[in-house]
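Summary of the model geometry
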Amino acid sequence: MKKRILLLAGGQSGEHEVSLMSARSVLNALPRDQFDVTPVVISKQGRWLPPTETQRALESGEAPTGGDLVLHRAASAEGYDAVFPLLHGPMGEDGTVQGLLTLAGIPFVGSGVLGSAVSMDKIMTKQVLASAGIPQVAWALAVRREWQAQPDTVRERAAALGYPLFVKPANLGSSVGISKVARAEDLDGALNLAFSLDRRVILEAMTAHKPREVEVGILGNDAPIASPVGELRFDADFYDYETKYTEGRASMHIPAPLPPEVAEQIRTLALRAFRALDCAGLARVDFFYVEETGELLLNEVNTMPGFTTTSMYPKLFEAAGLNYSALVTRLVELALEDR
Ligand code: ADP
Ligand code: MG
Ligand code: MG
């Protein structure tokens, strides 16, 4: 019997279009003799689109308005063997959709409510990973109300970290709302931007030198494996939105040219983080490697990383001998695995 798979794509976050691209790749790759795949695109307004509108959105890359309220449509997810929530960012990768699917009793690809929610939130991730003894940059938390009522305490916290520093909304991705602040004079603008997007903001010390950015893929549930390590190189001050999504601005290097013991340490730390955060299925774990000092710092864990055929995560496993189609098949098997 073919497995019936519901593929969710699009979604309400700034990464809507990225998700549609990933979904097109996955749709083409799930073997038709094993899987019967139905895509459903979620519009930017959060509505689940019926089949013709979904098809149109997948082809044009633009979701129309209209569609059904999520709760109405979720009932029609009944009868599927598994759901592949190929959604990035808030309202998709953060435990919300995972909670809905858990309530509906349908197995799904990737982390559950806890792992998704904690990994999406940069502050919670830092706290959990600190208690697991994983090295990270120094950081501090600020909440919007505090910024409005006592801005000086927030400014002092920033000064204690030193400049330059990074200001980031706690719950976003794709570098949206992130600023690198070189001088105290630029702090307020960066905080105003981050607080316009999130109630909680993280301030992060910058690594001592511009870091190399290295990433590793994790695959599995309670016996996860790590891929080879990859590196991203780009010609920009940091890996901002424009650099991420402008063709030709960044290049991937797999395997990353690193001393073997550093690559091994990256894989070990990534597996430890995956377990500490209670992730499942897949994650891409991103690190900063400061070549000058030999420091290795975990930056973030993405529980639903970019998934086109040319994205880092699938490329990392391709280098490990698992092609794209075998990888998505394995992810569905992991969703259906008894744990
Ligand atoms: P996102 O989840 O949006 O990808 P990141 O935390 O990965 O956000 O930050 C985006 C980019 O900003 C990183 O890839 C890196 O280039 C730069 N960056 C972020 N934090 C730091 C830091 N503490 N030190 C140096 N560079 C950083
Ligand atoms: Mg991220
Ligand atoms: Mg990142």
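One can find the structure itself at the top, above this paragraph.
This report concerns the structure included in the present document. (Residues numbered from 1 in each chain as written. Chains lettered and ligands numbered in written order. Predicted model: local features only at pLDDT ≥ 70, side-chain atom pairs only at ≥ 80, totals over all residues. Heavy atoms only, no water.)

On to the overall build of the protein chain, then. What the protein chain contains, in helices and strands, is 13 helices and twelve strands. A compact globule built from 339 residues would reach a C-alpha radius of gyration of about 20 Å, and the protein chain, at 20 Å, matches this within 12%. Counting only C-alpha atoms, the protein chain reaches 60 × 50 × 40 Å along its principal axes. Buried residues in the protein chain amount to 53% of all 339 residues. Intrachain contacts of the protein chain at a sequence separation of at least 6 include 65% that bridge at least 24 residues. When the accessible surface of the protein chain is totalled, it reaches about 14800 Å², and 52% of it is carbon and sulfur. Here the protein chain contributes 32 positively and 42 negatively charged side chains, and the mean placements of these two sets differ by 2 Å. (Helix = DSSP H or I, 4+ residues; strand = E, 2+ residues; numbered from the N terminus. Rg over C-alpha atoms; globule rule 2.2 N^0.38 Å. Buried < 20%, exposed > 50% of the residue type's maximum accessible area, 1.4 Å probe, protein only. Contact = heavy atoms within 4.5 Å. Areas by Shrake-Rupley, 256 points an atom, 1.4 Å probe, with all protein chains shown as cover. Lys, Arg positive; Asp, Glu negative; His and termini not counted. Charge placed at Lys NZ, Arg CZ, Asp CG, Glu CD.)

Further remarks concern the layout of surface pockets. Put simply, the second largest pocket is a space of about 320 Å³. Contributing to the lining of the second largest pocket are 19 residues, with Pro 107, Phe 108, Gly 110, Ala 335 and Arg 339 lying nearest its centre. Listing elements by their share of the lining of the second largest pocket, those giving two or more residues are helix H4 (96–104), helix H5 (113–120) and helix H13 (324–336). Here the lining of the second largest pocket takes three residues from H5, the largest share from any one element. When residues of the lining of the second largest pocket are assigned to domains, at least three map to each of domain 1 (3–108) and domain 2 (119–134 + 209–336). (1 Å grid on protein atoms, 1.4 Å probe; cavity = no way out; pocket = protein on both sides within 12 Å on 5 of 7 lines; lining within 4 Å. Points joined across faces, edges and corners; volume = space filled by probe spheres on them. Domains from an automatic or database assignment.)

Where helix H1 (residues 16–29) contacts helix H2 (residues 51–60), the two axes come as close as 9 Å, and the packing angle between them is 105°. As judged from the angle between their axes, H1 and H2 are roughly perpendicular. Across from Leu 20, Ala 23, Arg 24 and Leu 27 in H1, the residues of H2 making contact are Ala 57, Leu 58 and Glu 59. Looking at the contact of H1 with H2 residue by residue, the class counts come to five nonpolar, no polar and two charged. (Axes fitted to C-alpha atoms, helices over the stretch in contact; angles between N-to-C directions. Parallel < 35°, antiparallel > 145°, perpendicular 65-115°, else oblique. Nonpolar A, V, L, I, M, F, W, Y, C, P; charged D, E, K, R; others polar.)

Before going further, it helps to spend a moment on the site of ligand 1. The full set close to ligand 1 counts 20 residues, and Lys 122, Lys 168, Ser 175, Glu 213 and Lys 244 are the nearest of them. Residue Ala 205 places a main-chain N or O atom 3.0 Å away from a nitrogen atom belonging to ligand 1. Between Thr 207 and ligand 1, the recorded distance is 3.5 Å, taken from a backbone N or O atom to a nitrogen atom. Both of domain 2 (119–134 + 209–336) and domain 3 (139–205) provide at least three residues apiece to the shell around ligand 1. (Near = heavy atom within 4 Å. Polar contact = N/O pair within 3.5 Å; in protein donor to acceptor, adjacent residues only side chain to side chain.)

Now for the side chain of Ser 116. Of note, Ser 116 is situated in helix H5. Ignoring anything within four residues of it in the chain, the contact list for Ser 116 reads Glu 93, Asp 94, Gly 95, Gln 98, Ser 111 and Thr 303.

Ligation of the magnesium ion (ligand 2) by protein atoms is provided by Glu 300 (OE), Glu 300 (OE) and Asn 302 (OD1), these donors lying 2.1 to 2.6 Å from the ion. Between the two metal centres, the magnesium ion (ligand 2) and the magnesium ion (ligand 3), the spacing is 3.8 Å, with Glu 300 acting as a shared donor. Each of the two residues, Glu 300 as well as Asn 302, counts as buried. (Donors = N, O, S within 2.8 Å, 3.2 Å for Na, K, Ca; no water.)

Turning our attention to the nonpolar core. Ranked by internal contacts, the top residues of the largest apolar core, which has 32 residues, are Val 26, Phe 84 and Phe 307. Among the elements of the structure, strand S1 (3–10), H1, strand S2 (35–42), H2, strand S3 (82–85), helix H12 (312–319) and H13 are those that each provide at least two residues to this core. When residues of this core are assigned to their parent elements, the largest contribution, seven residues, is made by H13. Each of domain 1 (3–108) and domain 2 (119–134 + 209–336) gives at least three residues to this core. Among all residues touching Val 26, those that are not within four sequence positions of it are Leu 7, Phe 84, Leu 86, Phe 307, Tyr 324 and Val 328. (Core = buried A, V, L, I, M, F, W, Y, C linked by side-chain atoms within 4.5 Å.)

Looking only at H2, the buried set comprises Thr 54, Ala 57 and Leu 58. Looking down the long axis of H2, one finds its buried residues gathered within 100° of arc, a one-sided arrangement. Seen from the open side of H2, the exposed residues pointing more than 90 degrees away from its buried face are Thr 52, Arg 56 and Glu 59. Buried-residue contacts for H2 involve H1 and S2. Just downstream of H2, Gly 61 is the residue with a positive phi angle, here 80°. (Arc of directions from axis to C-beta.)

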